[in-house]
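In case you want the letters, here they are:
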Amino acid sequence: MKAIRRFTVRPVLPDPLQPLSGLARNLRWSWHTETRELFQAVDPGGRRAADSDPVRLLGAVSAGRLAELAQDQQFLHRLAEVSAALQKYLDGPRWYQEQLAQGAELPAAVAYFSPEFGVTAALPQYSGGLGILAGDHLKAASDLGVPLVGVGLLYRHGYFRQSLSRDGWQQEHYPLLDPNELPLTLVREADGTPSRVVLALPGGRSLHAYIWQAQVGRVPLLLLDSDVEENAPGERDVTDRLYGGGSEHRLLQEMLLGIGGVRAVRTYCRLTGHAAPEVFHTNEGHAGFLGLERIRELSGTGLDFDSSVEAVRAGTVFTTHTPVPAGIDRFDRELIARHFGDDGELPGVGVERILQLGMETYPGGEPTLFNMAVMGLRLAQRANGVSTLHGAVSRKMFAGLWPGFDAAEVPITSVTNGVHAPTWVAPEIFGLRARYGGTPGRWDAAAGIPDREIWDLRRTLREQLVTEVRTRLAASWRTRGAEPAELGWIDGVLDPDVLTIGFARRVPSYKRLTLMLRDRDRLMELLLHPTRPIQIVVAGKAHPADDSGKRLVQELVRFSDDPRVRHRIVFLPDYGMAMAQKLYPGCDVWLNNPLRPLEACGTSGMKAALNGCLNLSVLDGWWDEWFEPDFGWAIPTADGSAMDEDRRDELEANALYELIEERVAPRFYDRGDDGLPGRWVEMVRRTVGTLGPKVLAGRMVREYVERLYAPAALAHRSLDAATARELADWKARVRAAWPRVAVDHVEAVAPSTVGGSAELGAMLGLRVRIALGALEPDDVEAQAVAGRVDAADSISDAQFFPLKPSGGQDLEGRWLYEGPLALDRTGPYGYTVRVLPAHPLLATSAELGLVALPTEATGDGAGLLMR
């Protein structure tokens, strides 16, 4: 029989055990070893349950066991110590508070919006790297004391659980998640009723959502849930699945995340007294509608639309995570128009003004589509990619929003991602470091650890992975329909003394899950080599709607099913945080072979590195900027060439095989007289001690605070209502006048030259006549732009030299500007002159996307050959 209603019966903890509830409800347990060990002691036979969810553990432990623990003085002493440590962690000053005490001007609070959060396997609200990065961002912010408020959606079915059919085809399962059985608390009003946010929908309908709170250390994470009785069935299912449904379903999810998320933050701050955010950070474009809600809030104070846009932009940070336009959510303009305006959200705000924020009104854009990343960039004064290379890719991809500027000047910076070490580093590694003086802030202790101890620990972790793989593989085969009598071979899968390579990713085509299968005979030779064998552990999920990705999974699974190699290569279904935390420490090499430059960052390799696993990767994402031969190997690539993709895959697969065969495997198996691979161990030591500090999420969050949050907070404070109006009026005036701004004449007062050449170190004087139309010199800045030139006279590696007004207007109304240009480089050299808008409240000179350049006929020549 099936129950007609489901609810949760909570355990009643004896008074001495009440602190267990607080420990279970704060997700710090997911990265705090002592707390996890305490819960393991509650039910020693339920280790896996304690690791995955203490809330569920406490709900399952017997009343007799609880009564026994309430009398166990040793347990109560441990409980008191762990509880006190949590309280100290929550209340004590940390890095952020130290910065404030030293006079740093930092935001009172930051709201961080993301469509997914990977905090712990016990709260499965993530699909891949974006969510894991968001979870690590919250944890690092908590450790640093950053007053962050996370905002997301609560998906009742999460992403999906993956299994395999008998023939290796991916199958999806969507288990129902009961919030009452998760480490969540329903946000309630003072009278005890659930708090909620409400969005207006077309036709007089409404979308209601509850607000659930997860506590991530010091950071509250607010998750909106549309499974509310007042909603119609369609609206009730808005938060059913992560990245599920059609276009309108996704639009409603993103409206709830952005608009409803701001309202949830306001509710939370009203109820708790938490400081109101001065900075709003949107993690990818999915949450971009938060800017529209903040515009609506300001319109209620009397600000017009343009002034509200300026006020919103000042305090907004936008992070893009995709290196390809196909990865961005785009909606039909008619769908957007139907959900906004007087019959939907934001009544009183003209639909056309809203549409202008997201339309692709640039060369190569699709003018009928509303682009969420474009809106995110237009409503954020500060934007960034997630690695140095990705920042460059993003500047090129979005250059159309800043016409007239070279891609290098597009105002998108980069903050390279990091990972949260306490979450991802094996406790055994922390313990070994601690024995040799290592602390959370000191990774150089690895230099003093003896080779033998490093190598023995690496084998222990590999052995743990072998056990984990066999357990998971047996479960997978049972799901695929195998009988226990067929599975005796699994006891021989993997060998704790064989070089182990890990590959675990989402499965879009650009990550090339099956590149390793390009030459199967050659791969078999590597797997079965008589003296230097390798073994490979593979995991990954394809999006449920991506049949091409599912075919890649099936291809890999079928190869790994081959009895000749199935003891050396395995595919583990249902990749997630719990599996990853075993996989990274147990592998010797982490493989990553995307199509360069399509990997925005690739943080899985960072997590592996922190565990002493060496990277074998294409120079993409973070590996492009931090690769050194001490840390691993770079797979040669053929990007930038005109060859077809098939030929490129062939070349890069061959390069991968050669690296493994000629360099990776020999180094692992090359043993000294002491039986140790000394050069390999030294690479492990350098990876942990030198690379480790770079890849930490703490470094990342500090960069966000110092380079983006703090400037955004200052800009926010500078833009009161009057200043916002002044800035909006100034921008409107500049845009209207800009067509009449022109560089009319450039005159060079050149040093002595011979045949068009000048001496290194000479000074070139420039006199420039500029027409400003209705603008004044205070509205603009003039620059000479100089650098090396190619055969087409394009300037590279540019330097900028200011030109200053000299005297008033001439009879033709032009202004004279002058300035020196230092000739400090040899070789072909050239310069040009440009005029840009200038205002003290602009974050960059490119902010308006306006620039005036000389015509080809302007001036008396602009090229010099340096020698």
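What comes next concerns the included structure. (Residues numbered from 1 in each chain as written. Predicted model: local features only at pLDDT ≥ 70, side-chain atom pairs only at ≥ 80, totals over all residues. Heavy atoms only, no water.)

Some remarks on the packing of aromatic side chains
Part 1 of the argument: Taken as a whole and judged by the stated rule, the model has 18 aromatic pairs.
Part 2 of the argument: When the ring of Phe 113 is compared with that of Phe 280, the centres are 6.2 Å apart and the planes differ by 40°; the resulting orientation is tilted. Taken together, the residues Phe 113 in strand β1 (residues 110-113) and Phe 280 in strand β9 (residues 279-283) connect sequence positions 167 residues apart.
Part 3 of the argument: On the basis of relative accessible area, Phe 113 is assigned to the buried category, the value being 0%.
Part 4 of the argument: What makes Phe 280 buried here is its relative accessible area of 2%.
Part 5 of the argument: These aromatic residues form a ring-pair network of at least three members: Trp 455, Trp 633, Phe 668, Tyr 669 and Trp 680.
Part 6 of the argument: In this structure, Lys 541 is placed above the aromatic ring of Phe 160, and the distance from its NZ or CZ to the ring centre is 4.9 Å. (Phe/Tyr/Trp six-rings, centres within 6.5 Å; stacked < 30°, edge-to-face > 60°. Helix = DSSP H or I, 4+ residues; strand = E, 2+ residues; numbered from the N terminus. Buried < 20%, exposed > 50% of the residue type's maximum accessible area, 1.4 Å probe, protein only. Lys NZ or Arg CZ within 6 Å of the ring centre and 35° of its normal.)

Considerations on the environment of Val 219
Part 1 of the argument: As for its placement among the helices and strands, Val 219 is situated in strand β8 (residues 219-225).
Part 2 of the argument: As a C-alpha pair, Val 219 and Arg 28 span 191 residues in sequence and 9.9 Å in three-dimensional space.
Part 3 of the argument: Setting aside its immediate chain neighbours within four residues, Val 219 contacts Leu 138, Ala 141, Ser 142, Val 146, Leu 148, Gly 150 and Ala 214. (Contact = heavy atoms within 4.5 Å.)

Some points on the sheet that holds strand β20 (residues 632-635)
Part 1 of the argument: Read across the open sheet, the six strands follow the order β17-β16-β15-β18-β19-β20; overall the sheet is parallel. Where the open sheet ends on each side, the last strands, each with one partner, are β17 (569-572) and β20. Mean inter-strand twist for the sheet, computed between neighbouring axes without regard to direction, equals 20°.
Part 2 of the argument: Pairing of strand β16 (residues 534-539) with β17 involves four bridges; the strand directions are parallel. If you follow Val 537 over to β17, its bridge partner there is Val 570. (Pairing = 2+ DSSP bridges. Axes fitted to C-alpha atoms, helices over the stretch in contact; angles between N-to-C directions.)

Observations regarding the pairing of strand β13 (residues 382-385)
Part 1 of the argument: Residues Arg 382 and Asn 384 point to one face of β13 and Ala 383 and Gly 385 to the other, with burial holding for every one of them.
Part 2 of the argument: Pairing of strand β10 (residues 316-319) with β13 involves three bridges; the strand directions are parallel. Looking at β13, one finds that Thr 319 is bridged to Asn 384.
Part 3 of the argument: Read from β13 through helix α16 (residues 388-397) to strand β14 (residues 413-414), the crossover connection turns out right-handed. (Right-handed = clockwise from strand over helix to strand, strands pointing away.)

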